[in-house]
Amino acid sequence: MNISGNTIFVPGSTSGIGLALALALHAKGNTVIVGGRRAELLEQIAAEHPGIDTVQIDTADPASIEAAAKQVLDRHPDLNVLIAMAGVMRVEDWHAPASFLASAESTVTTNVLGPIRLLAAFIEHLQAQPDATVMTVSSGLAFAPLKVTPSYNASKAAIHMLSETLRLQLADTSVKIVELEPPAVRTALMPGHEDNEAAMPLDEFIAEVMDLIETRPDAREIQVERVKFLRYGEARGDYEQVVAALNAGDPHGK
Ligand SMILES: NC(=O)c1ccc[n+]([C@@H]2O[C@H](COP(=O)([O-])OP(=O)(O)OC[C@H]3O[C@@H](n4cnc5c(N)ncnc54)[C@H](OP(=O)(O)O)[C@@H]3O)[C@@H](O)[C@H]2O)c1
């Protein structure tokens, strides 16, 4: 994906990685549409950043995805990049179903069905563009499991394999599939995560991601250095040590 000159919709960018990436891409000369559920944040973002458009969307709701897609494409017929950023992460204790089942189901709805439905809503339009990109968002946890978040890890592994497969199937189109694989990054994804010293500072993560997009526009996976500890444990042959370190609070193998 080129670093500038795109029209980009980022459902899941009212906060955290999505918002920071949306602002960085806007600053680089892209037209950016920020999406999310929280109307007050959408209003605030539009007021603080002239030129950024906003669209309310709940990616857990198929009707909301359809309505938002129509709004986005009516207002931005040259849209050529979709970044499926929206995601949730919840702790689950699988010893007793009452404590995990609702959480597991809603995690899969948002993290897996959300991107699938978003892709379905935009893929025909994107194929008609001369140069288009779908950026999926998985996680280092797609490649090594954090014990306390089983459904989240599974949802991100699903996104990895969805991305790998769609890349094969859409190889005969103008649409590139790029998978962003964040390591632990300081955001509000989980309570206390913003102050988690073991996680990567958000500004450092975004700077490295923007540098990778700029210097490696044809990359299939966007991997900052810190995610490689989790991403390549199995290939390196130290998977067991990676899983042990991750679950002892060391997500980057320091
Ligand atoms: N931070 C990390 O350590 C980390 C690591 C690996 C991967 N990731 C992934 O990065 C992505 C962004 O997470 P983040 O860390 O930036 O956390 P965050 O600050 O909590 O951001 C999550 C974003 O997703 C949106 N969202 C959640 N559910 C939604 C829904 N049903 N419909 C529309 N938007 C929804 C939220 O907006 P609204 O609440 O306004 O809807 C928010 O903008 C997620 O996919 C996450 O899994 C994060």
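Look a little higher up for the structure.
Residues numbered from 1 in each chain as written. Predicted model: local features only at pLDDT ≥ 70, side-chain atom pairs only at ≥ 80, totals over all residues. Heavy atoms only, no water.

1. A closer look at the overall build of the protein
Here's step 1: Looking only at helices and strands, one finds 9 helices and 7 strands in the protein.
Here's step 2: For 254 residues, the compact-globule estimate of 2.2 N^0.38 gives 18 Å, and the C-alpha radius of gyration of the protein, at 18 Å, lies within 12% of that figure.
Here's step 3: Across its three principal directions, the C-alpha atoms of the protein cover 50 × 40 × 35 Å.
Here's step 4: Counting the 254 residues in the protein, one finds 53% classified as buried.
Here's step 5: Within the protein, residue pairs in contact and separated by at least 24 positions form 64% of the contacts whose partners lie at least 6 positions apart.
Here's step 6: When the accessible surface of the protein is totalled, it reaches about 11700 Å², and 55% of it is carbon and sulfur.
Here's step 7: Here the protein contributes 19 positive and 33 negative side-chain charges, whose respective centroids are spaced 2 Å apart. (Helix = DSSP H or I, 4+ residues; strand = E, 2+ residues; numbered from the N terminus. Rg over C-alpha atoms; globule rule 2.2 N^0.38 Å. Buried < 20%, exposed > 50% of the residue type's maximum accessible area, 1.4 Å probe, protein only. Contact = heavy atoms within 4.5 Å. Areas by Shrake-Rupley, 256 points an atom, 1.4 Å probe, with all protein chains shown as cover. Lys, Arg positive; Asp, Glu negative; His and termini not counted. Charge placed at Lys NZ, Arg CZ, Asp CG, Glu CD.)

2. A few points about the packing of aromatic side chains
Here's step 1: Scanning the entire structure with this criterion turns up 2 aromatic pairs.
Here's step 2: Where Phe 9 meets Phe 122, the ring centres are 5.8 Å apart and the plane angle is 45°; that geometry is what we call tilted. Highlighted residues: Phe 9 in strand β1 (residues 7–11) and Phe 122 in helix α4 (residues 101–127), separated in sequence by 113 residues. With respect to class, Phe 9 is no different from Phe 122; both count as buried.
Here's step 3: The interplanar angle of 10° and the centroid separation of 4.2 Å between the aromatic rings of Trp 94 and Phe 100 together place this pair among those described as stacked.
Here's step 4: A residue is classified by how much of its surface remains accessible, and Phe 100, at 11% relative accessible area, is buried.
Here's step 5: Its end group placed over the ring of Phe 143, Arg 231 keeps NZ or CZ at 4.2 Å from the ring centre. (Phe/Tyr/Trp six-rings, centres within 6.5 Å; stacked < 30°, edge-to-face > 60°. Lys NZ or Arg CZ within 6 Å of the ring centre and 35° of its normal.)

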